[in-house]
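Fold and contact review
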Amino acid sequence: MAITPALRLHLQVEFKRYQRLIESKLRQQWSPEQIADWLGQTQRVSFSHERIYQYLRADQQAGGLWHKQLRRRLGLRRARRSTLYKGKITQRVSIDQRPAIVDDKSRFTCIAQLPFKQSEVVADALIEILRPYKKQVETVTVDNGNEFAQHVSVGKALQASVYFAHTYGAWQRGLSENTNGLLRQYFPKGINFKTVSRAKLDQIQKRLNQRPRKELGFSTPQQIFQPERS
């Protein structure tokens, strides 16, 4: 399964499902902390309050007014000051220990939407986009970027093993590199992803998964993968 965090927009697929509920609580001047706790208790969905702050920030940058529902502006400024993880990534497991069966890939593609490259955001996005396929996900392979610093959380949430490619070893993640190349057919370098709708991304994801592949004997990734939603 190829994971392509290169495409970044201001909403996550799972987050959007609960966007109206979140906005209804914002109208009542609930804080992001209160909303996150309420969602966990009533909807059994886990969104950090920081995720909601990030949504408010993106909405504000797009000209929206939801941030004005906050009782205090301090919370939004905290989100702005948030920085990329700069520490050392601990508990990494080398790709050398990855089982050989990983080479039998379906080429099934999932496209994630990320507002920022922070490790917490990337981890949440990986969990959300792969959770529907949890039964099929046994390993996740990433590079050594600090955005993958929360890999332990990803592994626990998906009950999967996370492996790190060698530094400067992009060839070890050949499927991801190849998928990025396929995406360039639709998204040339320099494109403003803020102008690309989620519906368009879903359409492209579906097109890639239903396209016959020579390396699959001209079967489609969808036919090979046949995901069973948990």
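Here the structure is a predicted model, which is why all the values come from computation and not from measurement.

Some words on the overall build of the protein chain
- Within the protein chain, the secondary structure is distributed over 10 helices and 4 strands.
- Ordering the α and β elements of the protein chain from the N terminus gives β-α-α-α-α-α-β-α-β-α-β-α-α-α.
- Put simply, 67% of the contacts in the protein chain that link residues at least 6 apart link residues at least 24 apart.
- Counting every atom, the protein chain has about 13,300 Å² of accessible surface; 47% of that belongs to carbon and sulfur.

Considerations on the pattern of salt bridges
- All chains considered together, the criterion is met by 6 salt bridges.
- When the shortest N-O distance is used, the salt bridge between D124 and R51 registers 3.3 Å. With D124 in helix α6 (residues 119–130) and R51 in helix α4 (residues 49–61), the pair connects residues that are 73 residues apart, well separated along the chain.
- Taking relative accessible area as the criterion, R51 reaches 4% and is therefore assigned buried.

Describing helix α7 (residues 151–158)
- All buried positions along α7 are accounted for by H151, V154, G155 and L158. End-on, the buried residues of α7 take up no more than an arc of 95°, which puts them together on one face.
- Taken from the residues just after α7, Q159 is the one with a positive phi, measuring 55°.

Observations regarding the packing of aromatic side chains
- Under the criterion given, the structure shown has 4 aromatic pairs.
- With 6.1 Å between their ring centres and 90° between their planes, W30 and W38 make a pair best called edge-to-face.
- Residue class for W30 comes out partly exposed when judged on its relative accessible area of 23%.
- The rings of F108, Y133 and F225 are connected pair by pair, giving a single aromatic cluster.
- Over the aromatic face of W38 sits the side chain of K25, whose NZ or CZ is 4.5 Å from the ring centroid.
- The positively charged end of R92 is found above the aromatic ring belonging to F164, 5.9 Å away from the centroid.

Quick word on the nonpolar core
- Core analysis: the biggest nonpolar cluster contains 25 residues, and V137, V140 and L158 have the highest contact counts within it.
- Taken together, the elements giving at least two residues each to this core come down to α6, β3 (139–142), α7 and β4 (161–164).
- Beyond its immediate chain neighbours, meaning those up to four positions away, L158 contacts L126, I127, L130, R131, K134, V137 and V140.
- Formed by 16 residues, the second largest nonpolar core is a distinct cluster that contains I22, L26, L39 and F47.

Some details on the environment of D202
- Along the polypeptide, D202 turns up in helix α9 (residues 198–209).
- In this structure D202 comes out as partly exposed when scored by relative accessible area, which is 36%.
- Sequence separation between D202 and A112 is 90 residues; the distance between their C-alpha atoms is 10.0 Å.

Observations regarding unusual backbone geometry
- One non-glycine residue, Q91, lies in the positive phi region at around 60°.
- Judged by its relative accessible area of 59%, Q91 falls in the exposed class.
- If you check the backbone angles, F218 has positive phi at about 65° while not being a glycine.
- With respect to the helices and strands, the residue F218 is situated in the loop between α9 and α10 (221–225).

Observations concerning the packing of helix α3 (residues 32–42) against α4
- At a closest axis distance of 8 Å, the pairing of α3 and α4 adopts a crossing angle of 125°. In terms of axis orientation, α3 runs oblique to α4. Regarding α3 and α4, the two cross each other, and that crossing is right-handed. Contact with α3, carried on its side by P32, E33, I35 and A36, involves H49, I52, Y53 and L56 of α4 and no other residues of that element.

Procedures and definitions
- Residues numbered from 1 in each chain as written.
- Predicted model: local features only at pLDDT ≥ 70, side-chain atom pairs only at ≥ 80, totals over all residues.
- Heavy atoms only, no water.
- Helix = DSSP H or I, 4+ residues; strand = E, 2+ residues; numbered from the N terminus.
- Contact = heavy atoms within 4.5 Å.
- Areas by Shrake-Rupley, 256 points an atom, 1.4 Å probe, with all protein chains shown as cover.
- Salt bridge = Lys/Arg side-chain N within 4 Å of Asp/Glu carboxyl O.
- Buried < 20%, exposed > 50% of the residue type's maximum accessible area, 1.4 Å probe, protein only.
- Arc of directions from axis to C-beta.
- Phe/Tyr/Trp six-rings, centres within 6.5 Å; stacked < 30°, edge-to-face > 60°.
- Lys NZ or Arg CZ within 6 Å of the ring centre and 35° of its normal.
- Core = buried A, V, L, I, M, F, W, Y, C linked by side-chain atoms within 4.5 Å.
- Axes fitted to C-alpha atoms, helices over the stretch in contact; angles between N-to-C directions.
- Parallel < 35°, antiparallel > 145°, perpendicular 65-115°, else oblique.
- Left-handed = near helix turned anticlockwise from the far one by under 90°.

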